[in-house]
Each structure stands twice: as C-alpha cells, then as structure tokens.
Amino acid sequence: MALNKSMHPRNRYKDNPPDFAHLASKYPEFQQHVQTSLLGRPVVNFKEPEAVRALTCTLLKEDFGLTIEIPLERLIPTVPLRLNYIHWVEDLIDGQKQLRRGIDIGTGASCIYPLLGATLNGWYFLATEVDDICFNYAKKNVEQNNMSDLIKVVKVPQKTLLMDALKEETEIVYDFCMCNPPFFANQLEAKGVNSRNSRRPPPSSVNTGGVTEIMAEGGELEFVKRIIHDSLKLKKRLRWYSCMLGKKCSLAPLKEELRKQGVPKVTYTEFCQGRTMRWALAWSFYDDVIVPSPPSKKRKLEKARKPLSFTLPEAGLKQLQTKASALSPMEGVTAFLEKSLTELRVLFKRVPCSKQEQSFLLTAVENTWIHGRQRRREQKRQLRELPRAPQSLQNTAATTAPCPSTSDCNAHVNVQEACSPEQNCQAQPEETREEPKEQTEAGLTGTLTVMDSNPKEGLATENNLPLQQPSSPATITPFLFKCLLNVMLEEKDVLVEMHWVEGQNKDLMNQLCTYLKNTLLRSIAK
Ligand code: SAH
C-alpha cells in the first residue's frame, strides 16, 4: 500500500488498511481468496478477478453496510479509490452539509459512486449507463440496498453524455457530476501495450471490464472533451463538472481545452491508493464555488513554508553587537551574516522589511561552505545537475519583493506545471498504475522574480563551473539554489530562518544554514 499516505485525509483506509485476517474470519466467501504470503501475512491476489470482487463486496458490506452484486465480466471497482473521489467531490461542493444532487455518468454494474455518496452523505443521484448488463445490475444493486428514493438509474444512448440525461429535468440545478470514463482508445491500450516503459513492473492487478466500459473512441481524452462541450451548453445547470482520468498526461490538454473555452474555475487533483494513481479534473461556471488547491501546489507550498531555523540566545548576542559596533543585537547578527555571506561568495540582496526584522534574498552560485572530499563530490554533482536560470527571468528587477518573513515567502515563486516527456502517457488497467512521487513534482518549475549580483563580489570560478556575470541579461546564469534569509527578534533572542525558493536540492540550503549557525555560535563563544 505504497501510496496510502497520500490518500484523501478523510478516506477511512488512509491509516487503516483493510484487515484481511479479520475480514477472512468474518466472511467465508472472502476467506477463499485470502492466501498466506511467505512472510506469513494474509494476502489477496489482485490478478484474480474473483479475489478483487470478493474484496470489494466484503469491504462494502463491512464498512458501509452495502450488499452488491457484480458480474465478473464487468468492471470491478476498488473501494479506496472510489472513496477518494467521493471525498474530493465533498471538498468541491461542501457536500457533507445538506442534501446535494449529483450525476454519475457511466455508473457501472456496481453503481458504486451513487451507493457510496448516498450512504455517506445522503446525496441524491441520477446515474446513467449505456450498457444493458451494467444498467440491470446497477438497478438491482440500488433496489436491494433500499436506495431507490435517492438513486435513479437511467439507460442512455451511447452518443449522449449529459445533454440527453438532463433533457427531461429542465428545472433542477445539480451540484456536481462525476465520471469514471472509459480510459482506453483501443484493445491494445486496454491490454497495456505501450502503456509502460521497460523498467516498470508488470501490472499487479487484473483489468476487469467489458468493451464499452473501458473503451471509448479516442479514449478518455475524447470522452472528457465531450463532457466539456456538453458543459459549455449546460453551464450553470451544474455547479461542478468533474471527471476522473487514468493518465496523467490527459490533464494538460483538457486544462488547455477548458482555458480555451474560457471556463472560469478549474482545478484538479490526484488520487493515491495502493500502488495506483489516478487524476481528476473539475470545472465550474459559478463564481462563488470553493476551489480546492491542486495537490502539487499544496505540497510545494507546505514544503516551502517550512523554513530551516536556529535561535541565538540573548547571552552571546551582546558580544557580537560590540564586535560589529552595531546598534542592536539584531544588527550585530545581520552584520555578521552579511560578512560571512560575502566571504562565502553567496550573492545576497536586502529585501524591504519591517523594522523588527531583516530579510535577504540569497543566490548561491557555488558551494563554498563544505570542504575537501565532500566538496569535490559536490562539484561533480553540480556539473551534472546544475540548473540554469531561465533567461527571461534575469531581466526582472529585484525591487518588488515584499517582506517574506513568517508570512508567505511563496509570493515570489511562480509555480508552473508541465507534462514532462518522461511521464507515462498511457493508462493502465485499474489498480496497476504506479507513479513515483518524485515524478508528480518533476514537472514543477519555480521561477524567481529576483536575480541580482552583489557588486562587492567577484563571481567565483574556483570549481571550474561555467560561471558568468548574472547582471548580463543575455547570459545564462547558473546557480545552486536561492533562498530567503530572515533575521528576527524573538523576545530577547534572535531567530534566523531560511526559506527555500528554488534550486538543486534543499540539502544545500541545509548545509549553508548549519555552516552559518556554527560560525555564529563559534564567534559568540570566543
Ligand atoms: N462508475 C463505475 C464504472 C466505470 S466504467 C466505476 O467507477 O466503477 C465506465 C462506464 O461508463 C461503463 O459502465 C460504460 O458502460 C459506461 N459508459 C460508456 N459510455 C457511456 C455513455 N456515453 N453514457 C453513460 N455511460 C457510458
């Protein structure tokens, strides 16, 4: 369950994965599919459709009191993933509060989204389906759980998505629609051909699903585009339109389509569970909707918000103040840091700030704070990995950076997203997608509005890096990292904080922080 840590925070399986041993002891039908691993742990073989089905039915019974039947030849939903989507819809519509109405496009034989949404939140659902077998099972599953008051299953023609389903009900405004679209464009895609690079392991689970369920002309991209075009006609008939995606690379073209069409509110998320990742996109024509932040931005903000810091106790500060002939302990520390940074040839620029604190933007172009073997090792790595400051940024002046301090130092960082070429652009069968965490962040490029050289310093070429004067806008400036350094008075002590902005890796900032701390403490102790 490698990705469970990143499940939706309200997902009941997040820190509490299904207890196979307990379930096996309680449900004989499930017990038949539980084996004991070499390590003596109870395991389920996700390559067997029967086992997947048994687990789904058992979890729905045990945790939601639902009794469902699903034929083996149709898509068997996995519960943690479906729950992640339901919880995200709750976030979009604040849906735990009052009666809400939703549409599930392609509900499947299980009718799982309506059954979960109605059970957890009392939501009303219009569930559509094109496939006869799915339609009949879905209706039966609704009836046998006494949910007919909340869930209406309708059979629709293949060509239709939202328009026809809503033809009869012209008055009602729906809060949302959700959809787990057919992912694949053709049989080969469905079988996973071309779907993974050679380093990836084979699918860890079976792809259960009938032809109309998992395949649509043009794959999910075209399917979702059709929903977008329906939404352009229906606009405010629904507060949120949403759709799940089996491939990360479907996100960018769909976001682009929404942008082109001028859709005002767009967000997306990722669903992590087991070894599977999925993505989802949502859009709205309402101005007053809550728009949850996309996960990559949240992660980046969280990371960047956590500064490295150390405190200098009041005791030694007086000494420092005297040494630097400074007016206050804070000024003493600041002067000391400026001197140290100059010696280290770290570029710095004062950022306008309140009186109680000092703030600097630091640009480290070479590693001068580690020594000997460690430095040589670092140099080799730098040569391989040195990022280049985007040319366009170097023209940007430094004058506008506001005080970063304890508030939001990310005001300066413009996060962009890109679908990197290495990204796997093929969908895989249900429960088989493994998207390494780093990959989801690999497309992020932080851009910085400040690029300045300290006139006092010559640029170091000691480590033979291809360094050039950063002041020339026509050149590409290499840098190791950029960060904000804040010096603040905290009661009588002085707090030094370093906020990451961008660069090779945060360890470099960590090293510099430790170096500055040690030199400061050494100087105080003298
Ligand atoms: N929602 C279910 C099933 C998803 S599979 C789950 O998450 O497990 C996709 C479903 O969409 C299939 O059952 C397929 O029959 C149905 N479908 C395909 N095209 C459709 C269309 N145009 N309108 C409604 N349903 C459609």
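Before reading on, note that the structure itself is shown above.
Structure report, in brief. Please read all numbers here as calculations on a predicted model, not as lab measurements. (Residues numbered from 1 in each chain as written. Predicted model: local features only at pLDDT ≥ 70, side-chain atom pairs only at ≥ 80, totals over all residues. Heavy atoms only, no water.)

As a further point, take the sheet that holds strand β4 (residues 124–129). Strand order in the open sheet formed by seven strands is β5-β4-β3-β6-β7-β9-β8, with mixed pairing between adjacent strands. Each of the sheet's edge strands pairs with one partner strand only, and the pair in question is β5 (151–155) and β8 (265–273). The mean angle between the axes of side-by-side strands here comes to 20°, regardless of whether they run parallel or antiparallel. The sheet contacts of helix α9 (residues 219–234) involve β3 (101–105), β6 (174–179), β7 (238–245) and β9 (276–284), and relative to β7 the element is tilted by about 175°. (Pairing = 2+ DSSP bridges. Helix = DSSP H or I, 4+ residues; strand = E, 2+ residues; numbered from the N terminus. Axes fitted to C-alpha atoms, helices over the stretch in contact; angles between N-to-C directions. Contact = heavy atoms within 4.5 Å.)

Below, the discussion takes up the packing of aromatic side chains. By the definition in use, this model includes 12 aromatic pairs. Ring centres of W369 and F481 lie 6.0 Å apart, and the angle between their planes is 75°; on these two criteria the pair is classed as edge-to-face. Here the residue W369 occupies a position in the loop between β12 (357–364) and α14 (372–385), and F481 occupies one in strand β15 (residues 481–490), the gap between them amounting to 112 residues. You can call F481 buried: its relative accessible area is 0%. Taken together, the ring pairs connect Y85, W88, Y113 and F271 into an aromatic cluster. In this structure, R12 is placed above the aromatic ring of Y13, and the distance from its NZ or CZ to the ring centre is 5.9 Å. (Phe/Tyr/Trp six-rings, centres within 6.5 Å; stacked < 30°, edge-to-face > 60°. Buried < 20%, exposed > 50% of the residue type's maximum accessible area, 1.4 Å probe, protein only. Lys NZ or Arg CZ within 6 Å of the ring centre and 35° of its normal.)

To continue, consider the site of the ligand. Near the ligand, the surroundings consist of 21 residues, among which R82, G106, E129, Q158 and N180 are the closest. With respect to the ligand, the backbone of G106 contributes an N or O atom lying 2.8 Å from a nitrogen atom. E129 is positioned with one of its side-chain polar atoms (N or O) 2.5 Å from an oxygen atom of the ligand. For the ligand, whose accessible area on its own is 570 Å², the fraction buried by protein is 99%. Its residues assigned to classes, the shell around the ligand shows nine nonpolar, eight polar and four charged. (Near = heavy atom within 4 Å. Polar contact = N/O pair within 3.5 Å; in protein donor to acceptor, adjacent residues only side chain to side chain. Areas by Shrake-Rupley, 256 points an atom, 1.4 Å probe, with all protein chains shown as cover. Nonpolar A, V, L, I, M, F, W, Y, C, P; charged D, E, K, R; others polar.)

A few words on the pattern of salt bridges. One pass over the full model with this rule turns up 15 salt bridges. R12 is the salt-bridge partner of D63, the closest N and O atoms lying 3.3 Å from each other. Of this pair, D63 sits in helix α3 (residues 49–64) while R12 sits in the segment before α1 (20–26), and the two are 51 residues apart along the sequence. Given a relative accessible area of 38%, R12 falls into the partly exposed group. The salt bridge partner of E338 is R350, with a shortest N-O separation of 3.3 Å. Taken as a pair, E338 in helix α13 (residues 329–344) and R350 in strand β11 (residues 347–351) lie far apart in primary sequence, 12 residues in all. (Salt bridge = Lys/Arg side-chain N within 4 Å of Asp/Glu carboxyl O.)

This brings us to the side chain of N180. Along the polypeptide, N180 turns up in the loop between β6 and α7 (187–191). By relative accessible area, N180 is classed as buried at 13%. Setting aside residues up to four positions removed in sequence, N180 forms contacts with L75, R82, I105, Y113 and M244.

Before going further, it helps to examine the pairing of strand β16 (residues 493–503). Summarising burial for β16: nine of the 11 residues are buried, a large majority. Both strand β10 (residues 308–312) and β16 contribute to a ladder of five bridges, which runs antiparallel. Bridge pairing links L312 to V494 in β16. Hairpin connection of β15 to β16: two residues between the antiparallel strands, including E491 at a positive phi of 55°.

Okay, the sheet that holds β11 next. Read across the sheet, five strands follow the order β10-β16-β15-β12-β11 without closing on themselves; strand pairing throughout is antiparallel. In this open sheet, the two strands that pair with only one neighbour each are β10 and β11. If you compare each strand with its neighbour and ignore which way they point, the axes differ by 20° on average. Lying on the sheet, α13 is in contact with β10, β11, β12, β15 and β16; it crosses β15 at an angle near 160°. Across the sheet, helix α16 (residues 506–525) is in contact with β10, β12, β15 and β16; its angle to β10 comes to roughly 5°.

Phi angles above zero are rare outside glycine, and C111 is one such case at about 60°. Secondary-structure assignment places C111 in the loop between β3 and α5 (112–121). For R345, which is not glycine, the phi torsion reads 60° and is therefore positive. The residue R345 is located in the loop between α13 and β11 in this model. We classify R345 as partly exposed; its relative accessible area is 26%.

Among the nonpolar cores identified, the biggest contains 56 residues, and F30 and I151 are the most heavily contacted of them. With nine residues, helix α4 (residues 79–93) is the largest single contributor of residues to this core. Not counting residues within four places of it along the chain, the set of residues in contact with F30 comprises F20, L23, A24, V44, A54, L55 and T58. One finds F310, M330, F348 and I524 within the second-largest nonpolar core, a separate group that totals 33 residues. (Core = buried A, V, L, I, M, F, W, Y, C linked by side-chain atoms within 4.5 Å.)

Let us look at the environment of V266. Structurally, V266 can be placed in strand β8. It is 9.5 Å that separates the C-alpha atoms of V266 and P292, two residues lying 26 residues apart in sequence. Aside from chain neighbours lying at most four places away, what touches V266 is K255, L258, L281, A282, W283 and V291.

Moving on: the pairing of β12. Counted residue by residue, β12 has eight buried out of eight residues, so it is predominantly covered. The side-chain alternation of β12 yields two buried faces, one formed by E357, S359, L361 and T363 and the other by Q358, F360, L362 and A364. Bridging between β11 and β12 involves five bridges; their strand directions are antiparallel. Paired with R350 across the two strands is F360, which belongs to β12. Joining the antiparallel neighbours β11 and β12 is a turn of five residues. In the sheet, β12 pairs with β15 via eight bridges, with the strands oriented antiparallel. Opposite F360, over in β15, you have L485 as the bridge partner.

Purely spatial values, then, with no claim about function.
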